[in-house]
Amino acid sequence: MRIIDLRSDTVTLPSPEMREAIYHADLGDDVFGEDPTTNRLEAMAAERTDKEAALLVSSGTMGNLVCALTHCGRGDEVILGNLSHTFVYEAGGIAALGGIHPRTVQNMPDGTMLLEDIKAAIRGDNVHYPRTRLICLENTHNLCNGLPLTPEYTSSVVTLARNHGLKVHLDGARIFNAAVALGVDVKELTRGVDSLSFCLSKGLSAPVGSVICGTGEFIAEARRTRKILGGGTRQCGIISAAGIVALERMVERIEEDHKNAERLANGIARIPGLQIDPAKAQTNIVYFELKNDLLTPDTLLTQLDQKGVKFMHMGQSRCRMVTHYGIDSDDIDMALEVLAEVMKTS
Ligand SMILES: *Cc1c(COP(=O)(O)O)cnc(C)c1O
């Protein structure tokens, strides 16, 4: 049975070209700075995002953690969205390992935080308060329908941060999805931010890895932070080799994932018992609500799973499907067929 796995874009398998590149990669000890393939990936990532330097890390979680720990000391405060990945899904790492105090601001349905809310959260100079150091943005915003933040919004937050002497970190796990959806160069979305992280292993479909980017000085310090976390690895060129193919070959095809997500969202809108606003499916993430008194999300999950279609239950009636490399429009039609059939018989 063909399995159509729409749980996440993290389930992608490396392309044949990636496996080939991994096999032939030139390798060295990256803790000594001697892995030529990793050095090449880092230079390429810095160039793409218009930053001075970059650093390979094991995961998006590690990327955000390394950046936060590099920007902030113990007792410092970071302003971030109440629905941000870093606040919700990273095991409280910034607090657990960095003593960094998270100050949440409400995320709007489009993934932004209101500038006035951010401004109101910035602390004055007072011995009672933690010191505000950093503002975190997320683009695309995972829990907010995978929506992209615009260059204009990003630059308005950067300006606000500058005016208050704060740094900005961008969790750009899916920043290339944002760039493709908005039809802009990724540089437009990274302009002015002090650091960013992006995932090689999601829409770009590499097997492992994320990259953080920033100034040369920041990345030198981040290299030290990564070492503290046990993230200094040796012949990581086997990972970087796939990452290079990801950046060179997998960015443009993201358009296809977005078209498939749109097709999926429009199809779901036609199925009785499911609720969705298809206009919100602008990238590769599709959220919908199950509105059927006889069927719980967990039952739906099991029934679809038995028919080879996998999705994720996000709590209450919220369900998520994500399109990615390895999923084509026939798979979308098949998934919709199975979904419609299960909904009809329940
Ligand atoms: C997936 C994700 C991460 C973390 O990536 P991992 O590689 O799974 O640790 C960070 N931020 C966002 C927005 C994500 O979607």
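The numbering scheme is per chain: residues are counted from 1 as the chain's sequence reads. In view of the model being predicted, local features appear only for residues whose pLDDT reaches at least 70, and side-chain atom pairs are presented and counted only at 80 or more, with totals across whole chains, interfaces and linings using the full set of residues. Neither water nor hydrogens contribute to the side-chain values; these are computed over all heavy atoms in the structure.

**Q** What's the story with helix α12 (residues 254-269) in this structure? I'm lost.
**A** For the α-helix, the turn length of 3.6 residues means that residues three or four positions removed from each other point alike. Strands are runs of DSSP state E lasting at least two residues, helices are runs of H or I lasting at least four, and both sets are numbered from the N terminus onward. One fewer than the residue count of a helix, multiplied by 1.5 Å, yields its expected span. In a regular helix each residue adds 1.5 Å, so 16 residues correspond to 22 Å; α12 covers 23 Å between its end C-alpha atoms and thus fits that length. Contact partners of the buried residues in α12: α8 (175-182), β9 (274-275), β10 (285-290), β13 (318-322) and α14 (329-344). Note on contacts: a residue pair is in contact if any heavy atoms of the two residues lie within 4.5 Å.

**Q** Sorry if this is basic, but what is going on with the pairing of strand β7 (residues 195-199) here?
**A** Successive side chains on a regular strand alternate, one facing one side of the sheet and the next facing the other. Think of it in three bands: residues with accessible area under 20% of the maximum for their type are buried, residues over 50% are exposed, and the middle band is partly exposed, with areas taken using a 1.4 Å probe on protein chains only. In terms of residue burial, β7 counts as a mostly covered element, since five of its five residues are buried. Judged by which residues are buried, β7 turns out to be covered on both faces: Ser195, Ser197 and Cys199 on one side and Leu196 and Phe198 on the other are all buried. As paired strands, strand β6 (residues 167-171) and β7 are joined by three bridges and run parallel to one another. Its bridge partner being in β7, aspartate 171 is matched across the sheet by serine 197. DSSP calls a pair of strands paired once it identifies at least 2 bridges connecting them. In the sheet, β7 pairs with strand β8 (residues 210-214) via five bridges, with the strands oriented antiparallel. Pairing of phenylalanine 198 across the sheet is with valine 211, part of β8.

**Q** How should I be thinking about the sheet that holds strand β2 (residues 53-57) in this particular structure?
**A** Adjacent strands of a sheet form backbone hydrogen bonds with each other and so pair up, either parallel or antiparallel. The mixed open sheet is built from seven strands, whose spatial order is β2-β8-β7-β6-β5-β3-β4. Unpaired on one side and paired on the other, β2 and β4 (101-105) mark the two borders of the sheet. The mean angle between the axes of side-by-side strands here comes to 20 degrees, regardless of whether they run parallel or antiparallel. In this analysis an axis means a line fitted to C-alpha atoms, helices contributing only their contacting stretch, and an angle means the value between N-to-C directions, from 0 to 180 degrees. This element, helix α10 (residues 216-228), spans β2, β7 and β8 of the sheet and lies at about 20 degrees to β2.

Don't take any of this as a statement about function, it's just geometry.
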